[in-house]
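Each chain is listed here by its residues.
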Amino acid sequence: MLKAVLFDLDGTVTDTERIYQKYWVQSAHEAGFSEFSSEDALLLRSLNHHDAEALMYDRFGINFDFKKVHDKTVEYTINEISRDGITLKPGLDTILSYMKEHGIKSAIVTATDRENAVKKLKIAGIENSFDDLISAHEVKHGKPHPDSYLYALKELGISQNEAMAVEDAPNGILSAYRAGIPVVMIPDMTKPDFRFISYLYGTVPTLADLVPLLDDLLKKH
């Protein structure tokens, strides 16, 4: 029986992944790494700091100051969304209303630290829309490791077969899959391909399109 849906934040609930991508590139160029591209930024989505740092060292050498570039990216992103606001992904109200009506819990499971995650939810006006917030900074290993999702299950007091994850990018999809949770992809800046299509329970175009999928699951029980 489905008891909770676990949502990634950036790129899934909020249209902020594109902002991070822009500032990853800008911050890396400012640090002297002009070869850093938008494709490099895509690789960093939801990726935990340890693995992200190792990936950047591998691609650009040990002189790549990951912390400096990361911190500037976050600073620029928070400044922009604080100034301009946050656009929510289409269908969020629809799916949250459906879940509330059917007694299904909701949680955010994000790679963002708790302080900035809360800040983004407040800017978007949805700080009270979810039952729980899980930050990867609260576990030993962030996405694509399963720790974040396993911790979310523990916090909500449910098992893998009572949950569903919703993600937009490979690292998050792999994290949920490794935790044994069925995961649905809503593509944002990446389309599903052969590298991770087998990990997916399904793919839908918007959050609103989760409604018939959840409806079918509930009818089976």
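Note that the coordinates shown come from a computational prediction; the quantities given were computed from them, not determined experimentally. (Residues numbered from 1 in each chain as written. Predicted model: local features only at pLDDT ≥ 70, side-chain atom pairs only at ≥ 80, totals over all residues. Heavy atoms only, no water.)

(A) Representation of the side chain of Asn-171 within the structure. You can see Asn-171 is positioned in helix α8 (residues 170–178). The residues touching Asn-171, leaving out its near neighbours within four places in the chain, are Leu-43, Arg-45, Ser-46, Leu-47, Lys-143 and Pro-144. (Helix = DSSP H or I, 4+ residues; strand = E, 2+ residues; numbered from the N terminus. Contact = heavy atoms within 4.5 Å.)

(B) Seen up close, the pairing of strand β2 (residues 105–110). Counting buried positions along β2 yields 5 of 6 residues, so the element is predominantly enclosed. Where strand β1 (residues 4–7) and β2 come together, 4 bridges link them in parallel fashion. When the bridges of β2 are listed, Ala-4 appears paired with Lys-105. Sheet analysis places β2 next to strand β3 (residues 132–135), joined by 4 bridges and oriented parallel. Following the sheet pairing, Ala-107 is matched in β3 by Asp-132. Handedness of the crossover is the feature at issue here: the chain leaves β2, passes through helix α6 (residues 114–124), returns alongside β3, and the resulting connection is right-handed. (Buried < 20%, exposed > 50% of the residue type's maximum accessible area, 1.4 Å probe, protein only. Pairing = 2+ DSSP bridges. Right-handed = clockwise from strand over helix to strand, strands pointing away.)

(C) Examining helix α1 (residues 17–30) more closely. Over its 14 residues, α1 extends 20 Å from the first C-alpha to the last, a length consistent with the 20 Å expected when each residue adds 1.5 Å. Here α1 has its buried residues at Glu-17, Ile-19, Tyr-20, Gln-21, Tyr-23, Trp-24, Val-25, Ser-27 and Ala-28. Elements that come into contact with the buried residues of α1 comprise α2 (38–43), α4 (66–84) and α6. Following α1 by one or two positions, Gly-32 has its phi on the positive side, about 100°. (Expected span 1.5 Å × (residues − 1).)

(D) Here's a closer look at unusual backbone geometry. Cis rather than trans, the peptide bond between Lys-143 and Pro-144 has omega equal to 15°. Of note, the phi angle at Ser-46 is positive, near 65°, even though the residue is not glycine. Note that Ser-46 resides in the loop between α2 and α3 (49–60).

(E) Region of interest: the nonpolar core. One finds Phe-7, Phe-36, Ile-95 and Leu-214 to be the most contacted residues of the largest nonpolar core, which totals 52 residues. Where this core is concerned, the elements lending two or more residues are β1, α1, α3, α4, α5 (92–101), α6, β4 (163–167) and α9 (210–219). When sequence neighbours within four positions are dropped, the list of residues in contact with Phe-36 reads Trp-24, Val-25, Ala-28, His-29, Ala-41, Leu-44, Met-56, Phe-60 and Phe-64. (Core = buried A, V, L, I, M, F, W, Y, C linked by side-chain atoms within 4.5 Å.)

(F) Inspection of the sheet that holds β3 at higher detail. Pairing is parallel across the open sheet formed by 6 strands, whose spatial order is β3-β2-β1-β4-β5-β6. Two strands bound the open sheet, and with one partner strand each, they are β3 and β6 (202–203). With respect to the sheet, helix α7 (residues 147–156) is in contact with β1, β2, β3 and β4, its orientation differing from that of β3 by roughly 150°. (Axes fitted to C-alpha atoms, helices over the stretch in contact; angles between N-to-C directions.)

(G) Examining the environment of Val-5 more closely. Examined against the element boundaries, Val-5 turns out to sit in strand β1. Residues Val-5 and Ala-152, spaced 147 residues apart in sequence, show a C-alpha to C-alpha distance of 10 Å.

(H) Looking closely at the pattern of salt bridges. One pass over the structure, following the stated rule, counts 14 salt bridges. For Glu-75, the salt bridge is made with Lys-72, and the minimal N-O distance between the two is 3.3 Å. Taken together, the residues span about one helical turn, with Glu-75 and Lys-72 both in helix α4 at a distance of 3 residues. (Salt bridge = Lys/Arg side-chain N within 4 Å of Asp/Glu carboxyl O.)

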